[in-house]
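Breakdown of the fold
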Amino acid sequence: MRQTINGADFRRLIISAAASIEIHKQSINELNVFPVPDGDTGTNMSMTINAAVTDLKRAEDPSLEKAASIAASAMLRGARGNSGVILSLLFRGISKALKGAGECDGVLWAKALQEGVDAAYKAVMKPAEGTILTVARLAAAKAGQAAQENSYFEFVHEAATQEAKVALANTVNQNPVLKKAGVIDAGGKGWLWAMEAMLASLRGEDVTVPEDFQAEAPREQADFSEFNTEDITFTYCTEFIVSRENDKDPENLRAFLQELGDSLVLVDDDEIIKVHVHTNNPGTALQEALTYGSFVTVKIENMRLQHTEKVMSEQELQPQVAAPEKKFGVVTVCAGDGIASVFKDLGVDGIISGGQTMNPSTQDILTAVNQVPAEIVFVFPNNKNIIMAAEQVDPLTEKKVIVIPSKTIPQGITAMLSYDPEGSEEANVEAMTEALSNVDTMQITYAARDSDFDGYEIHQGDYLAMYGKSLFATSRDINTVLRGLAEKVRDLGREYITIFYGEDITEKQASKAADIFSDICTGADVNLLSGGQPVYYYLISAE
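Position labels on residues start from 1 in each chain and follow its written sequence. Local features in a predicted model are, by the rule used here, given only for residues with pLDDT of at least 70; side-chain atom pairs are given and counted only at 80 or more, and totals for whole chains, interfaces and linings are based on all residues. Values shown for side chains rest on all heavy atoms present in the structure; no hydrogens or waters enter the calculation.

What follows is about the overall build of the protein. If you tally the helices and strands in the protein, you get 19 helices and 16 strands. Exposure categories follow from relative accessible area, calculated using a 1.4 Å probe and restricted to protein chains: below 20% of the type maximum is buried, above 50% is exposed, and the middle band is partly exposed. Considering the protein as a whole, with its 543 residues, one finds that 53% of them fall into the buried category. Between two residues, a contact is recorded if the distance between any of their heavy atoms is within 4.5 Å. Sequence-distant contacts in the protein: of pairs separated by 6 or more residues, those separated by 24 or more amount to 72%. When the accessible area of the protein is evaluated, it comes to approximately 24,400 Å², of which 47% is carbon and sulfur surface. Counting from the N terminus, the helices are DSSP H or I runs at least four residues long and the strands are E runs at least two residues long. Accessibility throughout is a Shrake-Rupley quantity obtained with a 1.4 Å probe, and a residue counts as covered only by protein chains that appear here.

Right under this line is the structure:
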């Protein structure tokens, strides 16, 4: 049984944990408690921890303190989504506890796990039971008890892992939403797989990703600095595997995708269709793929951001920070050219492409903030799963970063209408934050799978209407849910309605949606705009 670990051991533990999460990320994604296609917990956790693996593999014989510091720093910058941010915070606390240590025994490891839990809980405004936080907290508490019995690292980590397994099984009983869906917490499951993989590594059984998961290693090192980001015609590298659940010919999917982008590779057999394509409209590609069957894996990467990061890495440069030319600047996260144009017209300085299913990392947000020539930068996440990543940016830059916690695009736009470049910091924060509650948000998307949620029997492909945070209606007819939303808006007496239609909606279809609202909400001012957003057919605001 291992008594202590050093820097090399810690690196192996992280690499094994990352491999395990990568292998199981799709099953983590599928632990959704709601059938909207936002199951990205596994993807976010995998991208976050693999940022650490990349940097750890570059480090030559790091000390324990150095290895822990490298991992924590890389995860913080690579953190995506709430689950990724919490994972990075757990390792930030671990790094803090290991500072100055040459080796780590069970007593120090118990302290490190507890430091990680403390860091994560401190960052979460309203910690909920039945989440990754619960699993990590109970595991750390068990580690502390075990360390009093036996100071060996392996003994303590095994005890913590076993407790994590018990705690995870109980999350279904602690969280009402999980209980309704009958599933355990996705983030907690990811943390358990990480801990189990670390235990396996301690015992000489390192977890590795199977070769069919790995990209072929490049034969030569290209000079990426000679290639301009502007030369990238299509922004998103989109890869997925979809199961074949009907008799539709994959060649029809090939023809569809050829019109949507380039670098297309499509391979199929009797059970699956595997696709790689470069496109500016990943949502359209995924929506069409769903007509062939359900997803096995999905990966979307922003090649412009990848290229920028690659050049910076090769040149060993930190992101350049624009010198202040004004007091305030604004950065916002959104998807869709039309929505981006609205934000720019309202005075936003920087646009980060992302949103539902495409959460930008802390590093992505940091890069955008640093490029704004202002002393103080307001950040609008416009998605509840991006807020935590945005909140990690302030200590990473010399600029002052203030996150306005917008959870939807309509909230962000309404808050920007209250922005005053000539006003004070306090007045702007108060006005923009208050504006978030002055708008009702409606969203229409589709069900990714069959489900029974909150009294609704939902079938794959159904149209789903959200009003605020709640499921409002589901139907096979999109006009039915539009009419239902319009009647709700009328009954609430809202006077200003803005409809953003997505990339999968034609102008004719959108005009019909606007007519529905105009006919039902007589006297209301109805505006129709092309948002171009993926995933959501319509984003609607009412004030």
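We now examine the pattern of salt bridges. Each reported salt bridge corresponds to a side-chain nitrogen of Lys or Arg within 4 Å of a carboxyl oxygen of Asp or Glu. Enumeration according to the criterion identifies 16 salt bridges in this entry. The salt bridge partner of Arg490 is Asp491, with a shortest N-O separation of 3.2 Å. For Arg490, a relative accessible area of 42% corresponds to the partly exposed category. A relative accessible area of 59% places Asp491 in the exposed class. What you see here is one network of salt bridges that share partners, running through Arg2, Asp9, Arg12 and Asp206.

So, on to the environment of Ala289. Within the secondary structure layout, Ala289 lies in helix α11 (residues 282–289). When the C-alpha atoms of Ala289 and Val242 are compared, they prove to be 7.0 Å apart, with 47 residues separating the residues in sequence. Not counting residues up to four positions away in its chain, the partners in contact with Ala289 are Phe240, Val242, Leu253 and Phe295.

Across a sheet, paired strands are connected by hydrogen bonds in the backbone, their directions being either parallel or antiparallel. Two strands pair under a simple rule: DSSP has to find at least two bridges between them. With mixed pairing, six strands are arranged side by side in an open sheet as β13-β12-β9-β16-β14-β15. Across the chains shown, the open sheet's two edge strands, defined by having one partner strand only, are β13 (470–475) and β15 (525–530). Taken over all neighbouring pairs, the strand axes of this sheet differ in orientation by 15 degrees on average, direction set aside. Bridge count for strand β9 (residues 440–446) against strand β12 (residues 463–467) is five bridges, and the pairing is antiparallel. Across the sheet, the residue bridging to Ile444 is Ala465, located in β12. Together, β9, β14 (496–501) and β16 (538–542) form the strand contacts of helix α16 (residues 409–416), whose direction differs from that of β16 by roughly 45 degrees. Only the stretch in contact is used when fitting a helix axis, every axis being a line fitted to C-alpha atoms; angles between N-to-C directions are given from 0 to 180 degrees.

This part covers the pairing of β12. β12 sits mainly inside the fold: four of its five residues count as buried. Counted along the chain from β12 to the antiparallel partner β13, the turn is two residues long, and its residue Gly468 has a positive phi close to 65 degrees.

With that out of the way, let us pick up helix α10 (residues 250–258). Every buried residue of α10 is accounted for by Pro250, Leu253 and Leu257. Around the axis of α10, the buried residues are gathered within 50 degrees of arc, so they sit on the same side. The opening residue of α10, the one whose side-chain oxygen lies 3.0 Å from the backbone nitrogen of Glu251, is Asp249. The directions from the helix axis to the C-beta atoms form the arc being described. Contacts described as polar in this section are N or O atom pairs within 3.5 Å, which, within protein, must combine one atom able to donate a hydrogen with one able to accept it, while residues neighboring in sequence count only if both atoms come from side chains.

So, about the sheet that holds strand β7 (residues 374–380). Pairing is parallel in the open sheet, where four strands are placed in the order β6-β5-β7-β8. Each edge of the open sheet is held by one strand with a lone partner, namely β6 (350–353) and β8 (400–403). Taken pair by pair, the neighbouring strands of this sheet meet at an average axis angle of 20 degrees, ignoring direction. Bridging between strand β5 (residues 326–334) and β7 involves six bridges; their strand directions are parallel. Bridge pairing links Phe328 to Ile376 in β7.

This part covers the packing of helix α3 (residues 64–78) against helix α4 (residues 81–98). Taken N-terminus to C-terminus, the directions of α3 and α4 make an angle of 155 degrees; their axes are 8 Å apart at the nearest point. It follows that α3 is roughly antiparallel to α4 by the angle criterion. Pair α3 / α4 crosses with left-handed handedness. Listed contacts from α4 to Leu64, Glu65, Ala68, Ser69, Ala72, Met75 and Leu76 of α3 are Leu87, Ser88, Phe91, Arg92, Ser95 and Leu98. Counted by class, the contact of α3 with α4 contains eight nonpolar, three polar and two charged residues. Here roughly perpendicular refers to angles of 65 to 115 degrees, roughly parallel to angles under 35, roughly antiparallel to angles over 145, and oblique to all remaining angles. Two helices cross in a left-handed way if the nearer one is turned anticlockwise from the farther one by less than a right angle. They cross in a right-handed way if the turn is clockwise. We call Asp, Glu, Lys and Arg charged. Ala, Val, Leu, Ile, Met, Phe, Trp, Tyr, Cys and Pro are nonpolar, and the rest, Gly among them, are polar.

Taken across its five residues, β16 has five buried, putting it largely inside the fold. Every second residue of β16 is oriented toward a common face, with Tyr538, Ile540 and Ala542 on one face and Leu539 and Ser541 on the other, all of them buried. Sheet topology note: the β9/β16 ladder contains five bridges and is antiparallel. From the neighbouring strand, Asp440 faces β16, where its bridge partner is Ala542. Sheet topology places β14 next to β16; five bridges connect them, and they run antiparallel. For Phe500, the partnering residue across the bridge sits in β16 and is Leu539.

What pLDDT reports is the predictor's confidence in each residue, on a scale of 0 through 100. Per-residue pLDDT for the protein has a mean of 86; in total, 88% of the residues score no lower than 70. Confidence scores differ between elements of the protein, with helix α12 (residues 303–315) showing the lowest mean pLDDT of 50 and β7 the highest of 97. When the criterion is pLDDT under 50, residues 214–231 qualifies, and its contacts beyond four places in sequence or with other chains add up to 19 contacts. When the criterion is pLDDT under 50, residues 310–318 qualifies, and its contacts beyond four places in sequence or with other chains add up to 14 contacts.

One non-glycine residue with positive phi stands out, namely Asp61, at about 45 degrees. On the secondary structure map, Asp61 appears in the loop between α2 (41–58) and α3. Taking the relative accessible area as the measure of exposure, Asp61 reaches 67% and is therefore exposed. Residue Asn382 is not a glycine yet carries a positive backbone phi of 60 degrees. Here Asn382 shows up in the loop between β7 and α15 (387–391).

What follows concerns the nonpolar core. In this structure, Phe10, Ile14, Leu98, Trp109, Trp191, Ile365 and Val379 are the most contacted members of the largest nonpolar core, which totals 88 residues. Residues contacting Trp109, with those up to four places away along its chain left out, are Phe10, Ile94, Cys104, Phe153, Val156 and His157. The criterion is simple. A nonpolar core is a set of buried Ala, Val, Leu, Ile, Met, Phe, Trp, Tyr and Cys residues joined through side-chain atoms within 4.5 Å. In terms of nonpolar packing, the next biggest core, distinct from the first, is built from 46 residues, Leu290, Met358, Ala510 and Ala514 among them.

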